[in-house]
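Summary of the model geometry
Listed below are the residues making up each chain.
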Amino acid sequence: MSTTSAASRAGAQGRAPAQPARSAARNSAARNPARHQLRNMAWIPGGSFWMGSADFYPEERPVHRVSVDGFWVDEHPVTVEEFRRFVKATGYVTVAERPLDPADYPDADPALLVPGSLVFHRTAGPVDLRDYSNWWAYVPGASWRHPDGPGSDCRGRERHPVTHVACEDAECYASWAGKELPTEAEWEYAARGGLDGAVYAWGDEFAPDGQPMANTWQGQFPWQNLLTDGYEGTSPVGSFPANGHGLSDMAGNVWEWTGDYFTPRHPAEAAGACCAPRNPRVSLPASSGTAAGPGSQLPRRVIKGGSHLCAPSYCLRYRPAARQGEAIDTATCHLGFRCVIRGSSPPDR
Ligand SMILES: [Ca+2]
Ligand SMILES: [Ca+2]
Ligand SMILES: [Cu+2]
(Lines give C-alpha, C1' and ligand atoms only; values in the text may rest on other atoms or scores of the structure.)
(Ligands and ions follow the chains in the order given, each with its own letter.)
Protein backbone atom coordinates (compact mmCIF):
# COMPACT_ATOMS: atom_id res chain seq x y z
CA MET A 1 0.00 0.00 0.00
CA SER A 2 0.97 3.59 -0.20
CA THR A 3 1.79 5.94 2.61
CA THR A 4 1.26 9.21 0.81
CA SER A 5 -1.93 9.73 2.69
CA ALA A 6 -0.24 8.76 5.92
CA ALA A 7 2.52 11.25 5.31
CA SER A 8 1.95 13.54 8.20
CA ARG A 9 3.63 12.57 11.40
CA ALA A 10 1.65 12.40 14.59
CA GLY A 11 -1.40 12.01 12.43
CA ALA A 12 -1.93 15.74 12.28
CA GLN A 13 1.28 17.56 11.67
CA GLY A 14 4.33 17.33 9.54
CA ARG A 15 7.55 18.43 11.08
CA ALA A 16 10.66 20.08 9.84
CA PRO A 17 13.85 18.14 10.43
CA ALA A 18 15.28 19.04 13.83
CA GLN A 19 18.77 19.23 12.37
CA PRO A 20 19.65 20.75 9.03
CA ALA A 21 20.52 18.11 6.47
CA ARG A 22 24.26 17.95 6.19
CA SER A 23 25.44 19.44 2.95
CA ALA A 24 27.96 16.63 2.75
CA ALA A 25 25.06 14.31 2.12
CA ARG A 26 24.68 15.79 -1.33
CA ASN A 27 28.14 15.60 -2.77
CA SER A 28 29.68 12.50 -1.39
CA ALA A 29 30.16 10.27 -4.41
CA ALA A 30 33.47 8.55 -3.98
CA ARG A 31 35.46 8.84 -7.18
CA ASN A 32 37.53 5.83 -6.28
CA PRO A 33 35.51 3.72 -3.93
CA ALA A 34 37.41 1.43 -1.65
CA ARG A 35 36.97 -2.29 -2.14
CA HIS A 36 35.03 -2.64 1.13
CA GLN A 37 32.52 -0.02 -0.02
CA LEU A 38 31.68 -2.10 -3.06
CA ARG A 39 30.93 -5.18 -1.01
CA ASN A 40 27.35 -6.28 -1.70
CA MET A 41 27.06 -3.76 -4.52
CA ALA A 42 26.33 -4.56 -8.17
CA TRP A 43 27.58 -2.66 -11.22
CA ILE A 44 24.76 -1.46 -13.44
CA PRO A 45 26.10 -0.76 -16.95
CA GLY A 46 24.88 2.51 -18.42
CA GLY A 47 22.16 2.48 -21.05
CA SER A 48 18.77 3.77 -21.96
CA PHE A 49 15.31 2.48 -21.14
CA TRP A 50 11.60 3.27 -21.17
CA MET A 51 10.78 4.88 -17.84
CA GLY A 52 7.25 4.79 -16.47
CA SER A 53 4.16 2.79 -17.41
CA ALA A 54 0.96 3.59 -19.28
CA ASP A 55 -0.99 0.69 -17.77
CA PHE A 56 -1.41 1.48 -14.08
CA TYR A 57 -1.53 4.76 -12.14
CA PRO A 58 -1.50 8.29 -13.66
CA GLU A 59 1.69 9.37 -11.85
CA GLU A 60 3.65 6.74 -13.82
CA ARG A 61 2.84 8.42 -17.15
CA PRO A 62 3.93 9.23 -19.72
CA VAL A 63 6.33 6.47 -20.66
CA HIS A 64 9.45 8.22 -21.90
CA ARG A 65 12.98 7.37 -22.98
CA VAL A 66 15.77 8.06 -20.47
CA SER A 67 19.45 7.21 -20.37
CA VAL A 68 21.69 6.77 -17.35
CA ASP A 69 25.43 6.32 -16.92
CA GLY A 70 26.76 3.20 -15.22
CA PHE A 71 26.77 3.13 -11.42
CA TRP A 72 27.10 0.84 -8.41
CA VAL A 73 24.01 0.00 -6.39
CA ASP A 74 23.44 -1.91 -3.15
CA GLU A 75 22.28 -5.46 -3.86
CA HIS A 76 19.70 -5.19 -1.09
CA PRO A 77 18.11 -2.50 1.06
CA VAL A 78 20.24 -1.27 3.98
CA THR A 79 19.68 -3.71 6.85
CA VAL A 80 19.14 -3.13 10.57
CA GLU A 81 22.63 -4.59 11.13
CA GLU A 82 24.22 -2.11 8.73
CA PHE A 83 22.29 0.84 10.12
CA ARG A 84 23.29 -0.15 13.66
CA ARG A 85 26.95 0.01 12.63
CA PHE A 86 26.41 3.57 11.39
CA VAL A 87 24.66 4.65 14.59
CA LYS A 88 27.39 3.07 16.74
CA ALA A 89 30.10 4.88 14.80
CA THR A 90 28.44 8.28 14.75
CA GLY A 91 25.94 8.48 17.60
CA TYR A 92 23.35 9.46 15.02
CA VAL A 93 19.79 10.05 16.26
CA THR A 94 17.06 9.48 13.67
CA VAL A 95 14.26 11.93 12.97
CA ALA A 96 11.71 9.59 14.60
CA GLU A 97 13.77 9.54 17.81
CA ARG A 98 13.98 13.32 18.15
CA PRO A 99 11.62 15.43 20.21
CA LEU A 100 9.22 17.72 18.34
CA ASP A 101 9.17 21.43 19.14
CA PRO A 102 5.65 22.57 20.13
CA ALA A 103 6.47 26.00 18.66
CA ASP A 104 6.52 24.38 15.23
CA TYR A 105 3.07 22.88 15.76
CA PRO A 106 0.84 25.44 17.43
CA ASP A 107 -2.30 23.50 16.56
CA ALA A 108 -1.08 20.08 17.57
CA ASP A 109 -2.24 18.00 20.48
CA PRO A 110 0.75 18.22 22.87
CA ALA A 111 0.28 14.56 23.72
CA LEU A 112 1.31 13.72 20.17
CA LEU A 113 4.44 15.89 20.17
CA VAL A 114 6.67 13.08 21.31
CA PRO A 115 9.19 11.07 19.31
CA GLY A 116 7.58 8.26 17.39
CA SER A 117 6.73 6.81 14.01
CA LEU A 118 3.90 5.33 11.96
CA VAL A 119 3.13 1.67 12.61
CA PHE A 120 0.73 -0.52 10.64
CA HIS A 121 -1.91 -2.50 12.50
CA ARG A 122 -3.87 -5.24 10.81
CA THR A 123 -7.59 -4.66 11.31
CA ALA A 124 -10.06 -7.21 12.64
CA GLY A 125 -12.16 -7.08 9.48
CA PRO A 126 -12.90 -5.03 6.37
CA VAL A 127 -12.71 -1.24 6.86
CA ASP A 128 -13.23 1.89 4.78
CA LEU A 129 -10.17 1.92 2.51
CA ARG A 130 -10.39 5.69 2.11
CA ASP A 131 -9.48 6.25 5.76
CA TYR A 132 -5.88 5.20 6.33
CA SER A 133 -6.14 5.92 10.05
CA ASN A 134 -7.97 2.60 10.22
CA TRP A 135 -4.60 0.86 9.90
CA TRP A 136 -1.90 3.49 10.47
CA ALA A 137 -1.15 4.76 13.97
CA TYR A 138 1.43 7.24 15.20
CA VAL A 139 3.13 5.21 17.92
CA PRO A 140 5.23 7.13 20.47
CA GLY A 141 8.56 5.38 20.91
CA ALA A 142 8.42 3.53 17.59
CA SER A 143 11.75 3.78 15.77
CA TRP A 144 14.25 1.67 13.87
CA ARG A 145 15.23 0.09 17.20
CA HIS A 146 11.62 -0.54 18.21
CA PRO A 147 9.83 -1.19 14.94
CA ASP A 148 6.48 -2.14 16.51
CA GLY A 149 6.76 0.45 19.28
CA PRO A 150 8.12 0.32 22.84
CA GLY A 151 8.58 -3.24 24.00
CA SER A 152 9.52 -4.47 20.54
CA ASP A 153 13.08 -4.72 19.31
CA CYS A 154 15.13 -5.94 16.35
CA ARG A 155 16.19 -9.28 17.76
CA GLY A 156 15.92 -11.74 14.92
CA ARG A 157 15.55 -8.90 12.42
CA GLU A 158 19.20 -7.94 11.95
CA ARG A 159 19.06 -8.98 8.30
CA HIS A 160 15.74 -7.26 7.66
CA PRO A 161 15.72 -3.84 5.98
CA VAL A 162 15.99 -0.97 8.44
CA THR A 163 12.65 0.85 8.77
CA HIS A 164 11.33 4.01 10.43
CA VAL A 165 13.96 6.10 8.65
CA ALA A 166 13.11 9.54 7.26
CA CYS A 167 14.78 10.93 4.16
CA GLU A 168 17.41 12.79 6.17
CA ASP A 169 18.35 9.58 8.01
CA ALA A 170 18.85 7.78 4.70
CA GLU A 171 21.01 10.61 3.36
CA CYS A 172 23.15 10.78 6.49
CA TYR A 173 23.74 7.03 6.36
CA ALA A 174 24.65 7.25 2.68
CA SER A 175 27.05 10.10 3.32
CA TRP A 176 28.75 8.16 6.13
CA ALA A 177 29.13 5.15 3.82
CA GLY A 178 30.59 7.31 1.01
CA LYS A 179 27.47 6.73 -1.08
CA GLU A 180 24.36 8.59 -2.22
CA LEU A 181 20.68 7.92 -2.73
CA PRO A 182 19.79 6.84 -6.28
CA THR A 183 17.86 9.14 -8.58
CA GLU A 184 14.45 7.81 -9.53
CA ALA A 185 15.74 7.03 -13.03
CA GLU A 186 18.71 5.07 -11.65
CA TRP A 187 16.48 3.18 -9.23
CA GLU A 188 13.95 2.24 -11.91
CA TYR A 189 16.59 1.30 -14.46
CA ALA A 190 18.30 -0.96 -11.90
CA ALA A 191 14.98 -2.47 -10.78
CA ARG A 192 14.10 -3.47 -14.34
CA GLY A 193 17.04 -5.86 -14.36
CA GLY A 194 17.51 -5.51 -18.11
CA LEU A 195 13.87 -6.37 -18.90
CA ASP A 196 12.92 -3.09 -20.56
CA GLY A 197 9.18 -2.46 -20.53
CA ALA A 198 8.23 -5.49 -18.39
CA VAL A 199 5.55 -5.07 -15.73
CA TYR A 200 7.62 -6.60 -12.91
CA ALA A 201 11.31 -6.75 -12.08
CA TRP A 202 11.30 -10.39 -13.26
CA GLY A 203 8.90 -10.30 -16.23
CA ASP A 204 5.20 -9.85 -16.97
CA GLU A 205 3.75 -12.56 -14.75
CA PHE A 206 3.25 -11.85 -11.05
CA ALA A 207 3.98 -15.36 -9.76
CA PRO A 208 5.58 -17.49 -12.48
CA ASP A 209 4.82 -21.19 -11.84
CA GLY A 210 3.13 -20.09 -8.63
CA GLN A 211 6.41 -18.90 -7.14
CA PRO A 212 6.24 -15.71 -5.05
CA MET A 213 8.89 -13.30 -6.35
CA ALA A 214 8.60 -10.55 -3.73
CA ASN A 215 7.31 -9.84 -0.25
CA THR A 216 3.90 -8.27 -0.83
CA TRP A 217 0.43 -8.69 0.70
CA GLN A 218 -1.84 -11.53 -0.38
CA GLY A 219 -5.49 -11.40 0.57
CA GLN A 220 -7.84 -8.57 1.41
CA PHE A 221 -6.02 -5.50 2.71
CA PRO A 222 -5.81 -4.48 5.56
CA TRP A 223 -7.35 -7.33 7.52
CA GLN A 224 -6.64 -10.64 5.79
CA ASN A 225 -2.99 -11.50 5.17
CA LEU A 226 -2.86 -14.97 3.61
CA LEU A 227 0.96 -15.10 3.90
CA THR A 228 1.30 -17.04 0.66
CA ASP A 229 4.80 -15.56 0.38
CA GLY A 230 5.65 -16.69 3.92
CA TYR A 231 6.07 -13.26 5.52
CA GLU A 232 3.94 -10.89 7.50
CA GLY A 233 5.80 -7.61 7.81
CA THR A 234 9.37 -7.30 6.53
CA SER A 235 11.51 -10.25 5.46
CA PRO A 236 15.27 -10.85 5.60
CA VAL A 237 16.87 -9.23 2.55
CA GLY A 238 17.47 -11.67 -0.29
CA SER A 239 14.61 -14.01 0.70
CA PHE A 240 13.22 -13.81 -2.84
CA PRO A 241 14.95 -14.29 -6.21
CA ALA A 242 17.24 -11.45 -7.33
CA ASN A 243 16.51 -9.64 -10.60
CA GLY A 244 18.64 -9.72 -13.75
CA HIS A 245 21.19 -7.36 -12.20
CA GLY A 246 21.50 -9.46 -9.04
CA LEU A 247 19.42 -7.05 -6.96
CA SER A 248 17.08 -8.27 -4.23
CA ASP A 249 13.89 -6.77 -2.87
CA MET A 250 13.56 -4.07 -5.52
CA ALA A 251 9.89 -5.05 -5.45
CA GLY A 252 8.09 -5.19 -2.13
CA ASN A 253 9.50 -5.73 1.37
CA VAL A 254 10.08 -2.00 2.00
CA TRP A 255 9.54 1.10 -0.11
CA GLU A 256 12.83 2.87 -0.83
CA TRP A 257 13.75 6.57 -0.69
CA THR A 258 15.29 8.20 -3.76
CA GLY A 259 17.09 11.52 -4.16
CA ASP A 260 14.41 13.01 -6.43
CA TYR A 261 11.56 15.30 -5.46
CA PHE A 262 8.14 14.10 -6.48
CA THR A 263 6.27 15.37 -9.53
CA PRO A 264 2.72 14.17 -10.18
CA ARG A 265 3.65 13.17 -13.73
CA HIS A 266 6.75 12.30 -15.73
CA PRO A 267 8.00 14.79 -18.34
CA ALA A 268 6.87 14.26 -21.91
CA GLU A 269 8.84 12.05 -24.27
CA ALA A 270 11.69 13.94 -25.94
CA ALA A 271 11.26 14.93 -29.58
CA GLY A 272 13.72 12.36 -30.91
CA ALA A 273 15.78 9.38 -29.83
CA CYS A 274 18.80 11.69 -29.91
CA CYS A 275 17.32 13.82 -27.17
CA ALA A 276 16.45 11.38 -24.39
CA PRO A 277 17.44 13.05 -21.13
CA ARG A 278 20.67 11.71 -19.65
CA ASN A 279 20.87 11.18 -15.89
CA PRO A 280 17.70 13.17 -15.22
CA ARG A 281 16.98 14.23 -11.67
CA VAL A 282 14.45 16.42 -9.92
CA SER A 283 16.40 18.42 -7.38
CA LEU A 284 14.05 21.31 -6.66
CA PRO A 285 11.80 20.78 -3.64
CA ALA A 286 9.25 23.20 -5.09
CA SER A 287 8.49 20.79 -7.91
CA SER A 288 6.99 18.35 -5.43
CA GLY A 289 4.10 20.74 -4.95
CA THR A 290 1.89 20.50 -1.95
CA ALA A 291 -0.51 17.70 -1.28
CA ALA A 292 -3.88 18.49 0.17
CA GLY A 293 -4.15 17.99 3.89
CA PRO A 294 -2.05 18.23 7.02
CA GLY A 295 1.71 18.22 6.75
CA SER A 296 1.45 19.38 3.16
CA GLN A 297 3.94 22.22 3.57
CA LEU A 298 6.76 19.70 3.47
CA PRO A 299 8.37 18.76 0.18
CA ARG A 300 7.93 15.20 -0.98
CA ARG A 301 10.49 12.78 -2.33
CA VAL A 302 9.89 9.90 -4.70
CA ILE A 303 9.78 6.49 -3.05
CA LYS A 304 9.93 3.34 -5.18
CA GLY A 305 9.16 -0.35 -5.26
CA GLY A 306 6.17 -0.91 -2.99
CA SER A 307 6.22 -2.90 0.23
CA HIS A 308 4.94 -5.85 2.21
CA LEU A 309 1.72 -3.86 2.55
CA CYS A 310 1.01 -3.63 -1.19
CA ALA A 311 -1.98 -5.75 -2.14
CA PRO A 312 -3.60 -6.03 -5.57
CA SER A 313 -6.93 -5.31 -3.87
CA TYR A 314 -5.64 -1.92 -2.74
CA CYS A 315 -2.28 -0.82 -4.16
CA LEU A 316 -0.49 -2.56 -7.00
CA ARG A 317 2.86 -0.87 -6.61
CA TYR A 318 5.45 -3.65 -6.39
CA ARG A 319 6.60 -2.70 -9.92
CA PRO A 320 9.64 -0.78 -11.21
CA ALA A 321 7.47 1.99 -12.69
CA ALA A 322 5.42 2.54 -9.54
CA ARG A 323 6.15 5.69 -7.58
CA GLN A 324 4.81 7.68 -4.72
CA GLY A 325 5.50 11.09 -3.17
CA GLU A 326 6.43 10.91 0.50
CA ALA A 327 6.90 13.87 2.86
CA ILE A 328 10.58 14.04 3.75
CA ASP A 329 10.00 13.71 7.50
CA THR A 330 7.90 10.57 7.20
CA ALA A 331 9.09 7.40 8.86
CA THR A 332 7.09 4.18 8.78
CA CYS A 333 7.40 0.45 9.31
CA HIS A 334 7.53 -0.21 5.57
CA LEU A 335 9.95 2.41 4.24
CA GLY A 336 13.73 1.99 3.95
CA PHE A 337 16.41 2.72 1.34
CA ARG A 338 19.46 1.54 -0.58
CA CYS A 339 22.45 3.51 -1.88
CA VAL A 340 24.51 4.03 -5.04
CA ILE A 341 28.04 5.07 -5.92
CA ARG A 342 28.44 7.10 -9.09
CA GLY A 343 31.32 8.29 -11.18
CA SER A 344 33.58 5.30 -10.74
CA SER A 345 34.56 2.71 -13.25
CA PRO A 346 33.07 -0.70 -13.88
CA PRO A 347 34.71 -3.76 -12.38
CA ASP A 348 37.51 -5.54 -14.26
CA ARG A 349 36.19 -8.83 -15.42
CA1 LIG B 1 4.09 -10.83 2.73
CA1 LIG C 1 11.92 -2.65 -1.95
CU1 LIG D 1 1.37 0.14 -1.68
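Structure report, in brief.

Here is what the cut-offs are and how they apply
- Residues numbered from 1 in each chain as written.
- Chains lettered and ligands numbered in written order.
- Predicted model: local features only at pLDDT ≥ 70, side-chain atom pairs only at ≥ 80, totals over all residues.
- Heavy atoms only, no water.
- Donors = N, O, S within 2.8 Å, 3.2 Å for Na, K, Ca; no water.
- Helix = DSSP H or I, 4+ residues; strand = E, 2+ residues; numbered from the N terminus.
- Buried < 20%, exposed > 50% of the residue type's maximum accessible area, 1.4 Å probe, protein only.
- Pairing = 2+ DSSP bridges.
- Contact = heavy atoms within 4.5 Å.
- Axes fitted to C-alpha atoms, helices over the stretch in contact; angles between N-to-C directions.
- Salt bridge = Lys/Arg side-chain N within 4 Å of Asp/Glu carboxyl O.

This paragraph deals with the coordination of the calcium ion (ligand 1). Taken together, the protein donors to the calcium ion (ligand 1) comprise Asn215 (OD1), Thr216 (O), Asp229 (OD), Asp229 (OD) and Tyr231 (O), at separations of 2.3 to 2.6 Å. Taken in sequence order, the residues that donate to the calcium ion (ligand 1) follow the motif N-T-x12-D-x1-Y. One end of the pair, Asn215, is in the loop between α3 (184-191) and β7 (255-261); the other, Tyr231, is in the loop between α3 and β7, with 16 residues separating them in the sequence. Using a relative accessible area of 27% as the deciding quantity, one classes Tyr231 as partly exposed.

With antiparallel pairing, three strands are arranged side by side in an open sheet as β1-β4-β11. Each of the sheet's edge strands pairs with one partner strand only, and the pair in question is β1 (41-44) and β11 (340-341). Pairing of β1 with strand β4 (residues 71-74) involves four bridges; the strand directions are antiparallel. In the strand pairing of β4, Ala42 is matched with Val73. The sheet strands contacting α3 are β1, β4 and β11, and the helix crosses β4 at an angle near 75°.

To continue, consider the pattern of salt bridges. Between side chains of opposite charge, pairing is possible as soon as their charged atoms come close. For the structure shown, the criterion picks out 21 salt bridges. The shortest N-O distance in the salt bridge between Asp196 and Arg65 comes to 3.5 Å. In this pair, Asp196 is assigned in the loop between α3 and β7 and Arg65 in strand β3 (residues 64-68), connecting sequence segments 131 residues apart. For Arg65, a relative accessible area of 22% corresponds to the partly exposed category. Residues Arg84 and Glu158 are paired through a salt bridge, measuring 2.9 Å at the closest nitrogen-oxygen approach. With a gap of 74 residues between them, Arg84 in helix α1 (residues 80-90) and Glu158 in the loop between β6 (136-140) and α2 (167-176) connect regions that are remote in the sequence. The partly exposed category is assigned to Arg84, whose relative accessible area is 25%. In this structure, a network of salt bridges that share partners links the residues Glu184, Glu188, Arg192, Lys304 and Arg323.

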